[in-house]
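Structural characterization, general
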Amino acid sequence: MRLVQNMCTIAEYPQAGSASGDGCGGASSGRPRLIKIAVVGASGVGKTALVVRFLTKRFIGDYERNAGNLYSRQIQIDGEMLAIQVQDTPGIQIHEHNLDCNEQLNRCIRWADAVVIVFSITDYKSYELLSHLHQQVRQLHPGNRVPVVVVANKADLLHIKEVEPQNGLQLANMLGCTFYEVSVSENYNDVFNAFHVLCKEVSKQQITSTPEKRRTSLIPRPKSPNMQDLKRRFKQALSAKVRTVTSV
Ligand SMILES: Nc1nc2c(ncn2[C@@H]2O[C@H](COP(=O)(O)OP(=O)(O)OP(=O)(O)O)[C@@H](O)[C@H]2O)c(=O)[nH]1
């Protein structure tokens, strides 16, 4: 795993639509296709722990408020090597039911090909943020169905839960998102599956959209008629007609 940069420099990374950032650079340039994932959610829900667990299999037990780091790693999915960039974002605050989404967070969401929204089953407020965040993603990607996975974390802390995991599932279904209940501290496989499914979804989108673009550019345009040739053939036809008329 490689920690790329602090997210302040995120703009320096390939943007969606650029040669390596639009997912179509891999096949032609030999570079692996790039998949960019933003991990968002309230403070303390386990975003950093989730990202680090996915990338290193290790669990971080310490809590340190983070400013947002960008991690990169190559992983193989369905036989293809993909370059994954995961942006960990600072915890979001909610003020009187208004989402305090700063420009930094918006930039991360805009940058991403896919989003993981994390809440903790031990924190009802973090659950309430879920639909606000989902709305924010849809607003920042108008007309583009960016895949979103909802992760309900800290499933090992059932004795202090404030949210029924079932509620998380229902809400995720309503929003059209895939749902995963995980314990980052106890289970690596569920964490891996959540990211794996997301990467597969993005990869599928990239593959289906790219050949389409290519195909349309490869379809041979009907040749514009050669005017000289048309004139010649027209003259020929005319003179043949004239000949037929005079012979009659
Ligand atoms: N018991 C338990 N603790 C967890 C789990 N996931 C994360 N934690 C702990 O929760 C605390 C917060 O985790 P972080 O990953 O730092 O949370 P964060 O969402 O990145 O927090 P911010 O940086 O404030 O946004 C840490 O002490 C983690 O060890 C889990 O599945 N179970």
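Being a predicted model, the structure only gives us computed values, none of them experimental.

In this structure, Ile37, Leu50, Val116, Phe119, Val151 and Phe195 are the most contacted members of the largest nonpolar core, which totals 59 residues. Excluding its chain neighbours within four sequence positions, the residues that come into contact with valine 151 are Leu50, Val116, Ile117, Val118, Phe119, Tyr180, Val182 and Ala194.

Here we take up the site of the ligand. Near the ligand there are 25 residues, and of these Ser43, Lys47, Thr48, Ala49 and Tyr63 occur at the shortest range. In this structure, an oxygen atom belonging to the ligand sits 3.0 Å away from a main-chain N or O atom of glycine 44. Within the backbone of valine 184, an N or O atom sits 2.9 Å from an oxygen atom of the ligand. Taking 650 Å² as the accessible area of the ligand by itself, protein coverage stands at 90%. Grouping the constituent residues of the shell around the ligand by class yields 9 nonpolar, 10 polar and 6 charged.

Let's shift gears to the packing of helix H3 (residues 103–111) against helix H4 (residues 124–140). When two helices pack together, their arrangement is given by the angle between the helix axes and by the axis-to-axis distance. At a minimum axis distance of 9 Å, the contact between H3 and H4 shows a crossing angle of 65 degrees. Where H3 crosses over H4, the two elements pack in a sense that is right-handed. Contact with H3, carried on its side by Leu105, Asn106, Ile109 and Arg110, involves Leu133, Gln136, Val137 and Leu140 of H4 and no other residues of that element. When the residues that make up the contact of H3 with H4 are grouped by side-chain class, the tally is 5 nonpolar, 2 polar and 1 charged.

Centre-to-centre distance and the angle between the planes together describe a pair of aromatic rings. Taken as a whole and judged by the stated rule, the model has 5 aromatic pairs. Considering the side-chain rings of phenylalanine 54 and phenylalanine 195, the 4.1 Å spacing of their centres and the 10 degrees angle between planes classify their relative orientation as stacked. Pair noted here: phenylalanine 54 is in helix H2 (residues 47–56) and phenylalanine 195 is in helix H6 (residues 188–218), with a separation of 141 residues, a long-range link. Taking the relative accessible area as the measure of exposure, phenylalanine 54 reaches 1% and is therefore buried. Residue classification places phenylalanine 195 among the buried positions, given a relative accessible area of 1%. Geometrically, the ring pair formed by tyrosine 188 and phenylalanine 192 is tilted, given 6.0 Å between the ring centres and 35 degrees between the ring planes. In this pair, tyrosine 188 and phenylalanine 192 both sit in helix H6, 4 residues apart, roughly one turn of the helix. The exposure class assigned to tyrosine 188 is buried, which follows from its relative accessible area of 18%.

Our next topic: the pattern of salt bridges. Two side chains that carry opposite charge are able to pair once their charged atoms sit near each other. For the structure on display, the rule yields 4 salt bridges. Between aspartate 78 and lysine 200 there is a salt bridge, with the nearest N and O atoms lying 3.5 Å from each other. Of this pair, aspartate 78 sits in the loop between strand S3 (69–77) and strand S4 (80–88) while lysine 200 is found in helix H6, placing the two residues 122 residues apart along the sequence. Its relative accessible area of 61% is what places aspartate 78 among the exposed residues. Overall, lysine 200 belongs to the partly exposed group, its relative accessible area being 36%. A salt bridge links lysine 161 to glutamate 164; the shortest N-O distance between them is 3.5 Å. Owing to a relative accessible area of 32%, lysine 161 belongs among the partly exposed residues under this scheme. Exposure remark for glutamate 164: the relative accessible area of 42% places this residue in the partly exposed category.

Here we take up the pairing of S3. Inspection of the sheet shows S3 paired to S4 by 8 bridges, in the antiparallel sense. From the neighbouring strand, arginine 73 faces S4, where its bridge partner is isoleucine 84. Two successive antiparallel strands, S3 and S4, enclose a turn made up of 2 residues, where aspartate 78 displays a positive phi of approximately 50 degrees.

The rules behind each value
Residues numbered from 1 in each chain as written. Predicted model: local features only at pLDDT ≥ 70, side-chain atom pairs only at ≥ 80, totals over all residues. Heavy atoms only, no water. Core = buried A, V, L, I, M, F, W, Y, C linked by side-chain atoms within 4.5 Å. Buried < 20%, exposed > 50% of the residue type's maximum accessible area, 1.4 Å probe, protein only. Contact = heavy atoms within 4.5 Å. Near = heavy atom within 4 Å. Polar contact = N/O pair within 3.5 Å; in protein donor to acceptor, adjacent residues only side chain to side chain. Areas by Shrake-Rupley, 256 points an atom, 1.4 Å probe, with all protein chains shown as cover. Nonpolar A, V, L, I, M, F, W, Y, C, P; charged D, E, K, R; others polar. Axes fitted to C-alpha atoms, helices over the stretch in contact; angles between N-to-C directions. Helix = DSSP H or I, 4+ residues; strand = E, 2+ residues; numbered from the N terminus. Left-handed = near helix turned anticlockwise from the far one by under 90°. Phe/Tyr/Trp six-rings, centres within 6.5 Å; stacked < 30°, edge-to-face > 60°. Salt bridge = Lys/Arg side-chain N within 4 Å of Asp/Glu carboxyl O. Pairing = 2+ DSSP bridges.

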